[in-house]
Amino acid sequence: MIEVRNLSKTFGESTEVLKDISFRINKNDVVAVLGPSGTGKSTMLRCLNYLCVPTTGTIRIGDVTVDAAHHTKAEVRNLRRQSAMVFQSYNLFKNKTAKENVMEALVTVQKKPKAEAEEIALKFLKKVGMLDRQDFYPSKMSGGQQQRVGIARALAVNPNVLLFDEPTSALDPELVGEVLNTIKQLAEEETTMILVTHEIRFARNVANRILFMDGGRIAADGTPEEIIDDPQNPRLRQFLNFVSK
Amino acid sequence: MRFNWEYFFETLPLIASKLNVTLSLTLISAFFSLVIGIMFALISYYNVKGLSQLLRVWVSFIRGTPVATQLFFFYYGMANISSIILNMSPTVAVAVIMSLNMGAFVSESIRGALISVDEGQREAAMSLGMSGWQMTTRIVIPQAVRVALPPLFNDLINLFKMSSLAFLVGVRDVMGAAKIESTQTFLFFECYACVMVIYWIITLMLTFVQRRLETRCNAIY
Ligand SMILES: Nc1ncnc2c1ncn2[C@@H]1O[C@H](COP(=O)(O)OP(=O)(O)OP(=O)(O)O)[C@@H](O)[C@H]1O
Ligand SMILES: [Mg+2]
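So, how was this worked out
- Each residue is numbered by its place in its chain's sequence as written, counting from 1.
- Chains carry letters and ligands carry numbers; both start at the beginning, A for chains and 1 for ligands, and go up in the order they are written.
- Two thresholds apply to this predicted model, a pLDDT of at least 70 for residue-level local features and 80 or more for giving and counting side-chain atom pairs, whereas whole-chain, interface and lining totals are computed over all residues.
- Note that water and hydrogens are dropped before the side-chain values are worked out from all heavy atoms of the structure.
- If a single non-hydrogen atom of a residue is within 4 Å of a molecule or strand, that residue counts as near it.
- The term polar contact refers here to a pair of N or O atoms within 3.5 Å; inside protein, the definition further demands a hydrogen-donor-capable atom paired with an acceptor-capable atom, and it admits residues adjacent in sequence only when both atoms are side-chain atoms.
- To be clear on the numbers: accessible area is Shrake-Rupley with a 1.4 Å probe, and residue cover counts the displayed protein chains and nothing else.
- By definition, any uninterrupted DSSP run of H or I lasting at least four residues is a helix, any uninterrupted run of E lasting at least two residues is a strand, and each is numbered from the N terminus.
- Buried, partly exposed and exposed residues are distinguished by accessible area as a fraction of the type maximum, computed with a 1.4 Å probe on protein chains only: under 20%, between the cut-offs, and over 50%, respectively.
- The contact definition used throughout considers only heavy atoms, calling two residues in contact when any of these lie within 4.5 Å.
- For every residue, the predictor states its confidence as a pLDDT score lying anywhere from 0 to 100.
- Think of a salt bridge as a Lys or Arg side-chain nitrogen and an Asp or Glu carboxyl oxygen that are within 4 Å of each other.
- A strand pair is defined by DSSP finding two or more bridges across the two strands.
- Here an axis means a line fitted to C-alpha atoms, over the contact stretch when the element is a helix, while the angle between two N-to-C directions is reported on a 0 to 180 degree scale.
- What gets called buried area is simply the loss in accessible area from a 1.4 Å probe that two parts show on being joined, summed for both.
- Paired rings are identified among Phe, Tyr and Trp, the last through its six-membered ring, by centres lying within 6.5 Å, and are further divided according to the angle between planes into stacked (under 30 degrees), edge-to-face (over 60) and tilted (the rest).
- The definition of a nonpolar core used throughout is a set of buried Ala, Val, Leu, Ile, Met, Phe, Trp, Tyr and Cys residues joined through side-chain atoms within 4.5 Å.
- The labels follow the angle: roughly parallel below 35 degrees, roughly antiparallel above 145, roughly perpendicular from 65 to 115, and oblique for the rest.
- In this scheme, a crossing is called left-handed if the near helix is turned counterclockwise away from the far one by less than a right angle; it is called right-handed if the turn is clockwise.
- In this classification, Asp, Glu, Lys and Arg are treated as charged, Ala, Val, Leu, Ile, Met, Phe, Trp, Tyr, Cys and Pro as nonpolar, and every other residue, Gly included, as polar.

Draft legend 1. Highlighting the site of ligand 1. Residues and elements named next belong to chain A. Ligand 1 sits among F11, V17, P36, S37, G38, T39, G40, K41, S42, T43, E166 and H198. Interatomic distance of 2.4 Å between a side-chain N/O atom of S37 and an oxygen atom of ligand 1. Within the backbone of T39, an N or O atom sits 3.2 Å from an oxygen atom of ligand 1. In isolation ligand 1 exposes 640 Å². Once the protein is present, 57% of that is buried. In terms of residue count, the dominant contributor to the shell around ligand 1 is helix α1 (residues 41–48) (three residues).

The following block contains the structure:
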């Protein structure tokens with residue numbers, strides 16, 4: 001489903017953030033990505049849809065493959081249509097209501113007729129429990145509500161994989177639960193997703209695989225039981241000790 | 001000395017009758033400064049190589065020198081090297097300088113509005129596979145317009161007041177009419193009071209519109 005080969009990213013001349021990363025993810029996998037701050041988790045996720053252009057490496061999602069060495073605009077747009085991203089700061093379109101936010105890509109990218117787009121939008125707003133706020137602008141919604149609309153917007157384009165970059169870390173503590181519940185529900189329905197998070201316990205609960213990143217590499221890769229309950233890698237142990245304190 | 005109210009009220013309509021000159025100067029320059037401002041703003045927004053650095057120098061030059069000097073430099077100074085400027089009517093020369101001058105300010109207002117649309121929304125649009133054109137026309141511009149309107153209206157008010165420079169090169173606008181009238185009657189107090197009242201009333205009206213616009217802009221979303 002997803003295959004990343006020899007992905008590396010260097011900012012400027014010498015800031016090597018990702019160092020030759022390779023991994024594969026199967027359909028219906030729920031993969032959590034953990035790791036200390038600044039190890040390149042966001043960069044890796046952003047490379048998957050070319051919000052950040054990799055220095056080297058190939059990325060395949062579904063049946064679209066893009067090689068950093070020779071990528072075209074059309075290939076990149078095609079690759080982006082294979083995934084959908086949920087951002088830490090929601091990034092809803094501020095000039096559009098909840099419903100219009102979800103409809104936007106359906107109309108502009110997938111060229112669906114308005115009525116059909118609206119029907120799809122309402123379906124997914126219902127799924128995240130935001131049907132009653134369909135006509136609200138982002139400025140009139142709480143962070144948790146905005147993030148659930150963000151999830152609906154990502155789901156609506158029917159992506160092969162959902163990419164989450166710390167979807168709850170900008171939220172007030174009392175709003176984290178509603179968003180985590182939405183993600184958990186998706187995980188139970190076996191939506192393929194990659195989830196960068198600092199919520200170790202949540203990752204332990206919903207993921208069936210965990211990648212531990214450290215210093216721009218994948219330092220450990222395994223099931224939640226292997227990674228969290230029985231960590232072998234010393235850096236991973238240090239990290240888990242640190243965050244559980 | 002007492003203020004001659006009778007003369008004041010007699011002269012007011014006389015001077016106000018030159019508002020058409022002042023207002024057409026303002027509107028024509030507003031149009032061209034908007035065109036210039038949009039062009040400049042896009043060049044610096046898209047960071048066009050070479051041009052955007054050049055523009056930054058130009059904007060800092062325009063903002064850093066008095067507009068009266070710019071007018072004299074252009075109309076009297078550059079007339080020596082260009083026959084087009086030599087044969088230019090003073091009204092056109094004033095409009096040119098007003099447009100060039102305000103264009104620099106307008107470009108800053110527009111650029112500020114464009115970059116006020118946060119990077120996150122643009123990333124969201126791109127990550128969904130929207131094209132640059134779709135993103136700009138459907139997400140960035142609708143939001144930028146709302147942000148740009150109040151400062152642009154400010155620029156318009158400044159432009160209106162700036163038009164009073166025209167009398168310096170002999171244009172008979174509101175200010176020019178007052179100058180001519182006062183040198184005949186020596187009632188400077190009353191004549192320039194007329195000018196102030198006229199400018200003030202128009203500015204108050206524009207400010208009123210601006211307030212309304214601002215509340216409407218803020219209320220939408
Ligand atoms: N645009 C950029 N230019 C230069 N350096 C960057 C850029 N983006 C990220 N970096 C650097 O890359 C490194 C990895 O950043 P990244 O955001 O991927 O880390 P992260 O693992 O997501 O951290 P966090 O857990 O704090 O979100 C950091 O050292 C950061 O300073
Ligand atoms: Mg990050």
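Here the narrative resumes.
Draft legend 2. Representation of the environment of A144 of chain B in the model. Residues and elements named next belong to chain B. With respect to the secondary-structure elements, A144 resides in helix α8 (residues 132–162). The exposure class of A144 is buried, given its relative accessible area of 7%. With 32 residues separating them along the chain, A144 and G112 place their C-alpha atoms 8.5 Å apart. Those residues in contact with A144, other than ones at most four positions away along the chain, are A113, L114 and V117.

Draft legend 3. Spatial organisation of the confidence of the model for chain B. Mean pLDDT over chain B: 93, with 100% of residues reaching 70 or higher. Both confidence scores are given for the complex: pTM 0.85, ipTM 0.92.

Draft legend 4. Highlighting the pattern of salt bridges. Under the defined criterion, the tally for this structure stands at 17 salt bridges over all chains. E104 of chain A serves as the salt-bridge partner of K96 of chain A, at 3.6 Å between the closest nitrogen and oxygen. No difference in accessibility class separates K96 of chain A from E104 of chain A, as the two residues are buried. Between R122 of chain B and E119 of chain B there is a salt bridge whose closest N-O contact spans 3.3 Å. One end of the pair, R122 of chain B, and the other, E119 of chain B, are both in helix α7 (residues 119–127), three residues apart, so they sit about a helical turn from each other. On the accessibility criterion, R122 of chain B (14% relative accessible area) is buried.

Draft legend 5. Local environment of the sheet that holds strand β6 (residues 83–86) of chain A. Residues and elements named next belong to chain A. Strand order in the open sheet made by the six strands is β6-β7-β8-β3-β9-β10, with mixed pairing throughout. On the outer flanks of this sheet lie β6 and β10 (217–222), each paired with one strand and no other. If you compare each strand with its neighbour and ignore which way they point, the axes differ by 20 degrees on average. Summarising the sheet, strand β9 (residues 209–214) and β10 pair through five bridges and their orientation is antiparallel. Its bridge partner lying in β10, D214 is registered against R217.

Draft legend 6. Representation of the interface of chain B and chain A in the model. Across the contact, 19 residues belong to chain B and 24 residues belong to chain A. Carbon and sulfur atoms make up 56% of the surface buried where chain B meets chain A, a total of about 2,000 Å² over both sides. Counting every contact that joins chain B to chain A gives three salt bridges. A salt bridge links R46 of chain A to E123 of chain B, with the shortest nitrogen-to-oxygen separation between them at 2.8 Å. Counting every contact that joins chain B to chain A gives nine residue pairs in polar contact (both at pLDDT 80 or more). Put simply, the parts of the chain that give the side of chain B that touches chain A at least two residues each are α7 and α8 of chain B.

Draft legend 7. Here's a closer look at unusual backbone geometry. Its identity is not glycine, yet K111 of chain A carries a phi of approximately 55 degrees, on the positive side. Tracing the chain through its elements places K111 of chain A in the loop between α3 (98–108) and α4 (114–127). By relative accessible area, K111 of chain A is classed as exposed at 61%. Phi is positive for N47 of chain B, which is not a glycine, with a value near 50 degrees. Among the secondary structure elements, N47 of chain B is positioned in the loop between α2 (19–45) and α3 (51–63).

Draft legend 8. Expanded view of the packing of aromatic side chains. All names here are of chain B. Across all of its chains, the model carries 14 aromatic pairs over all chains by this definition. Judged by centre distance (6.3 Å) and plane angle (70 degrees), the ring pair of F186 and F188 falls under edge-to-face. F186 sits in the exposed class, given a relative accessible area of 58%. Overall, the relative accessible area of 40% leaves F188 in the partly exposed class. Here the aromatic residues F3, W5, F8, F9 and F189 are joined through ring pairs into a cluster of three or more.

Draft legend 9. A look at the sheet that holds strand β1 (residues 2–11) of chain A. Residue and element names in this part refer to chain A. Taken in spatial order, the four strands make up an open sheet running β2-β1-β4-β5, and their pairing is antiparallel. Each edge of the open sheet carries a strand with a single partner, namely β2 (15–25) and β5 (64–67). On average, each strand axis in the sheet is tilted by 15 degrees relative to the strand beside it, whichever way the strands run. Where β1 and strand β4 (residues 56–61) come together, five bridges link them in antiparallel fashion. If you follow S8 over to β4, its bridge partner there is T56.

Draft legend 10. How the structure looks around the confidence of the model for chain A. Overall, the prediction assigns chain A a mean pLDDT of 94, with 100% of residues at 70 or greater. The secondary structure element of chain A with the lowest average pLDDT is helix α9 (residues 234–244) of chain A, at 88, and the one with the highest is α3 of chain A, at 97.

Draft legend 11. Broad picture of the nonpolar core. Formed by 125 residues in total, the largest nonpolar core has its most connected members in I59, I151, F164 and I194 of chain A. Each residue touching I151 of chain A, except ones within four places of it in the same chain, is listed here: V86, V128, F164, V179, T182, I183 and L186 of chain A. F3, L19, F160 and V174 of chain B belong to the second largest nonpolar core, which has 18 residues in total.

Draft legend 12. Examining the packing of α3 of chain B against helix α6 (residues 90–116) of chain B more closely. Residue and element names in this part refer to chain B. For the pair α3 and α6, the least separation of the axes is 9 Å and the interaxial angle reads 120 degrees. As judged from the angle between their axes, α3 and α6 are oblique. Read as a crossing pair, α3 and α6 show a hand that is left-handed. Contacts between α3 and α6 involve W58, V59, I62 and R63 on the former and, on the latter, L100, N101, A104, F105, S107 and E108. Here the contact of α3 with α6 is composed, by residue class, of six nonpolar, two polar and two charged.

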